[in-house]
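Analysis of the macromolecular model
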Amino acid sequence: MEDFEPTIVAFCCHYCAYGAADLAGSMRLEYPTNIRIIRLPCSGKVTPVFLLRAFEKGADGVYVAGCLEGDCHFIHGNLVAKPRVNYTKKLIQEVGLEPERLEMFNMSAAMGPRFAEVAKEFTERIRQLGPSPLNKKKRKTNEAA
Amino acid sequence: MVIGKRKPFEEILKMIEPYKKIMVLGCGGCVTVCLTGGHDEVRVLSSQLRMARDKDGNQLEIIEKTIERQCDPEYLDQVQDLVPQVEAVLSMACGAGVQFMAERYQATPVFPALDTTFVGGSLKEGYYVERCQTCGQCKLAYTGGICPIARCSKSLLNGPCGGSTNGKCEIDPEVDCAWQLIIDRLTNLGMMDKYEQILDIVDWRTNRDGGPRKMIREDFQR
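Residues numbered from 1 in each chain as written. Chains lettered and ligands numbered in written order. Predicted model: local features only at pLDDT ≥ 70, side-chain atom pairs only at ≥ 80, totals over all residues. Heavy atoms only, no water.

**A few points about the overall build of chain A**
A tally of regular secondary structure across chain A gives 5 helices and 4 strands. Scanning chain A from its N terminus toward the C terminus, one meets helices and strands in the order β-α-β-α-β-α-β-α-α. A compact globule built from 145 residues would reach a C-alpha radius of gyration of about 15 Å, and chain A, at 15 Å, matches this within 12%. Its C-alpha atoms give chain A principal-axis dimensions of about 45 × 35 × 20 Å. Per-residue burial for chain A yields a buried fraction of 48% across its 145 residues. Restricting to contacts in chain A with at least 6 residues of sequence separation, those with at least 24 account for 79%. Summed over its atoms, the accessible surface of chain A is roughly 7300 Å², and 53% of this surface lies on carbon and sulfur atoms. Averaging the positions of the 20 positive and the 17 negative side-chain charges in chain A gives two centres separated by 7 Å. (Helix = DSSP H or I, 4+ residues; strand = E, 2+ residues; numbered from the N terminus. Rg over C-alpha atoms; globule rule 2.2 N^0.38 Å. Buried < 20%, exposed > 50% of the residue type's maximum accessible area, 1.4 Å probe, protein only. Contact = heavy atoms within 4.5 Å. Areas by Shrake-Rupley, 256 points an atom, 1.4 Å probe, with all protein chains shown as cover. Lys, Arg positive; Asp, Glu negative; His and termini not counted. Charge placed at Lys NZ, Arg CZ, Asp CG, Glu CD.)

**Structural notes on the nonpolar core**
If you look at the biggest cluster of nonpolar residues, it comprises 46 residues, and the most contacted ones within it are Phe11(A), Val62(A), Ile22(B), Val24(B), Leu45(B), Leu49(B) and Leu90(B). Top element by residues in this core is helix α3 (residues 39-55) of chain B. It accounts for 6 residues. Discounting residues that sit within four places of it in the chain, Leu45(B) has contacts with Arg6(B), Phe9(B), Ile12(B), Val24(B), Leu90(B), Met92(B) and Ala113(B). By size, the runner-up hydrophobic cluster in this structure holds 20 residues, among which are Cys13(A), Tyr63(A), Phe105(A) and Met107(A). (Core = buried A, V, L, I, M, F, W, Y, C linked by side-chain atoms within 4.5 Å.)

**A closer look at the pattern of salt bridges**
Residue and element names in this part refer to chain B. Summed over the entire model, instances satisfying the criterion amount to 21 salt bridges over all chains. In this structure, Lys154 and Glu170 form a salt bridge, with 3.7 Å as the shortest nitrogen-oxygen distance. Of the two residues, Lys154 is situated in the loop between α6 (148-151) and β8 (168-169) and Glu170 in the loop between β8 and β9 (172-176); the sequence distance between them amounts to 16 residues. Residue class for Lys154 comes out partly exposed when judged on its relative accessible area of 48%. (Salt bridge = Lys/Arg side-chain N within 4 Å of Asp/Glu carboxyl O.)

**Notes on the domain arrangement of chain B**
Domain annotation for chain B reports domain 1 (2-118) and domain 2 (135-206). Taking the mean C-alpha position of each, domain 1 of chain B and domain 2 of chain B sit 38 Å from one another. (Domains from an automatic or database assignment.)

**Focus: the packing of aromatic side chains**
All names here are of chain A. Enumeration over the complete set of coordinates arrives at 8 aromatic pairs over all chains. Their ring planes at 80° and their centres at 5.2 Å tell us that Tyr31 and Phe115 sit as a pair that is edge-to-face. On the criterion of sequence distance, the pair formed by Tyr31 in the loop between α1 (17-26) and β2 (35-40) and Phe115 in helix α4 (residues 112-129) is long-range, its members being 84 residues apart. Where Tyr63 meets Phe122, the ring centres are 5.0 Å apart and the plane angle is 70°; that geometry is what we call edge-to-face. Residue Tyr63 is located in strand β3 (residues 61-66), and its partner Phe122 is located in helix α4; the two are separated by 59 residues in the primary sequence. In this structure an aromatic cluster arises from ring pairing among Tyr63, Phe105 and Phe122. Against the face of Tyr18 rests Arg39, its NZ or CZ located 5.1 Å from the ring centre. (Phe/Tyr/Trp six-rings, centres within 6.5 Å; stacked < 30°, edge-to-face > 60°. Lys NZ or Arg CZ within 6 Å of the ring centre and 35° of its normal.)

**A few points about the sheet that holds β2(A)**
Residues and elements named next belong to chain A. Spatially, the 4 strands line up as an open sheet ordered β2-β1-β3-β4, and their pairing is parallel. Whereas interior strands pair on both sides, the edge strands pair on one side only; in this sheet they are β2 and β4 (102-106). Adjacent strand axes in the sheet meet at a mean angle of 20°, parallel and antiparallel pairs treated alike. Across 5 bridges, strand β1 (residues 8-13) lies against β3 in parallel orientation. Within β3, the position partnered with Phe11 by the bridge is Val64. Packed onto the sheet, helix α3 (residues 77-95) meets β3 and β4 and runs at close to 165° relative to β4. (Pairing = 2+ DSSP bridges. Axes fitted to C-alpha atoms, helices over the stretch in contact; angles between N-to-C directions.)

**A look at the environment of Ala109(A)**
The topology assignment puts Ala109(A) in the loop between β4 and α4. If sequence neighbours within four positions are ignored, Ala109(A) has contacts with Tyr15(A), Cys16(A), Gly19(A), Ala20(A) and Leu23(A).

**Looking at the layout of surface pockets**
Empty space within the largest pocket amounts to approximately 1100 Å³. Listing elements by their share of the lining of the largest pocket, those giving two or more residues are α2 (48-56) and α3 of chain A together with β1 (2-6), α3 and β6 (114-124) of chain B. For the lining of the largest pocket, the element with the highest residue contribution is α3(A), accounting for 7 residues. Within the lining of the largest pocket, the residues separate by chemical class into 14 nonpolar, 5 polar and 9 charged. (1 Å grid on protein atoms, 1.4 Å probe; cavity = no way out; pocket = protein on both sides within 12 Å on 5 of 7 lines; lining within 4 Å. Points joined across faces, edges and corners; volume = space filled by probe spheres on them. Nonpolar A, V, L, I, M, F, W, Y, C, P; charged D, E, K, R; others polar.)

**Quick word on the state of the cysteines**
Note on terminology: disulfide describes a covalent bond linking the sulfur atoms of two cysteines. Residue and element names in this part refer to chain B. In the structure shown here, the tally under the stated rule is 0 disulfides over all chains. Not engaged in a disulfide, the cysteine Cys27 finds its nearest cysteine sulfur in Cys71; these two sulfurs lie 5.9 Å apart. No disulfide involves Cys161; its nearest neighbouring cysteine sulfur is the one of Cys152, lying 6.3 Å away. A relative accessible area of 27% means that Cys161 is categorised as partly exposed. (Disulfide = S-S within 2.5 Å.)

**Looking at empty space enclosed by the protein**
Residue and element names in this part refer to chain B. Summed over the entire model, instances satisfying the criterion amount to 1 cavity of 30 Å³ or more. Estimated volume of the largest cavity: approximately 50 Å³. Tyr142, Leu157, Asn158, Trp179, Leu186, Lys194, Tyr195, Gln197 and Leu199 together form the lining of the largest cavity. Those elements that place two or more of their residues in the lining of the largest cavity are α7 (178-189) and α8 (193-196).

Here it is as structure tokens:
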């Protein structure tokens, strides 16, 4: 478990979190390499299907990062995303995954350090939870190979 | 539209337990509009089912498909090449759609993924309320366009019962008293004379008590 390196998919809004990730890079901030970023035009673009498919394809944790509440480039996209993330938590719980494997964060494009902090915190959270129960079999196969 | 609600996930999982390859079939009609059985919901349920089965090491193959309507034979033909490829069909249509599928494809078990709940409409996105009980004898002309059969908890026809308090029904303080709504509306319309008109005892045979119903347009029969 200690050497477990989670795979994390981060759905990032182009106008905030994606910019924050870029800024984190420019600032030479270190954050875990476990994060796979998928850029969205707005966090409101996420649907439960996106999030479920990420888990299905092998993600151990998934998060959505949108603009600060009240600051959405498309007025209320982040407020659309928030209940969808909460709803999807219930859907993954039905399947037998911990709802903590999915989260929504809010940040602005100027918050590079916050992006790095969220990446670290979330990676640590997933590390504590362990591999997704869906991936256990795949991992065993990999180890055997 | 017909409103449906997805069955508990555990129940769905149990229904398809014996099968290795199924089709999850959505319906593009009412259940798409009420966000329970359309294209997106097919993808969500399929994802969940695959994950749940994968977790137990018992993989499930799913064909995801949504057709225009499941309550119409001409659209059911669109899946005639797919149905023989699967062991069972999980239909996300209302009860009518599930039955039409089962009738059309005799050799394949068809299971319902939804509980069909009522006929209603959306007050806002994702919020559905009952408005019609399909009683077969519309009374709306006498009641200001508000249905006492569907919306009065007792389906009373000639005024409220004693349980009407401050415009709410005694069964739940959040439920409007249909008769309060009717009287308010008739008053606003200046049509309170309608309220004086006594509505006769209902012949419930046109509801469900006369057995399964049908409606035939003769000029379309060939």
